[in-house]
Amino acid sequence: MEWVKLQTSFDSEEKALKTANIVATTEAKLASQPGGPQYEVEIRVEQAEEKWQVFWRKVFVGIKSGCGGCKSCPEKPSGQTKGKVIPFKRPTV
């Protein structure tokens with residue numbers, strides 16, 4: 001794949017690297033599928049003028065073996081229940 005340039009420029013290399021790591025983790029999780037295609041995300045940080053730019057691209061690394069969806073397992077695993085959503089209320093000031 002082609003390199004994608006993040007539109008934000010950063011004042012320091014440290015900030016650019018921190019953001020690049022977040023982008024790499026997020027994009028790899030979004031692109032990869034359990035029991036399917038797996039991707040790694042390459043990042044590079046370059047200095048352009050007095051700012052730092054982040055570039056990234058997805059790289060196909062293979063197919064993960066595992067569940068292929070043969071439907072031989074039960075739909076709902078026994079003994080597991082759904083979690084409870086606890087509402088969050090903002091404190092009044």
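The following paragraphs examine the structure supplied in this document.

To continue, consider the side chain of Q38. Of note, Q38 is situated in strand β2 (residues 37-48). A distance of 2.6 Å separates the side chain of Q38 from the backbone oxygen of Q33, its partner in a polar contact. Beyond its immediate stretch of four places on either side in the chain, Q38 contacts S32, Q33, V59, F60, V61, G62 and K64.

Attention now moves to the sheet that holds β2. Strand order in this open sheet of three strands is β1-β3-β2, and the pairing throughout is antiparallel. Strand pairing shows two members of the sheet lacking a second neighbour, β1 (4-5) and β2, which therefore form its edges. Note: β1 against strand β3 (residues 51-63), two bridges, orientation antiparallel. Its bridge partner being in β3, V4 is matched across the sheet by W56. Set on the sheet, helix α1 (residues 13-31) makes contact with β2 and β3; between it and β2 the angle comes to about 160°.

Procedures and definitions
Residues numbered from 1 in each chain as written. Predicted model: local features only at pLDDT ≥ 70, side-chain atom pairs only at ≥ 80, totals over all residues. Heavy atoms only, no water. Helix = DSSP H or I, 4+ residues; strand = E, 2+ residues; numbered from the N terminus. Polar contact = N/O pair within 3.5 Å; in protein donor to acceptor, adjacent residues only side chain to side chain. Contact = heavy atoms within 4.5 Å. Pairing = 2+ DSSP bridges. Axes fitted to C-alpha atoms, helices over the stretch in contact; angles between N-to-C directions.

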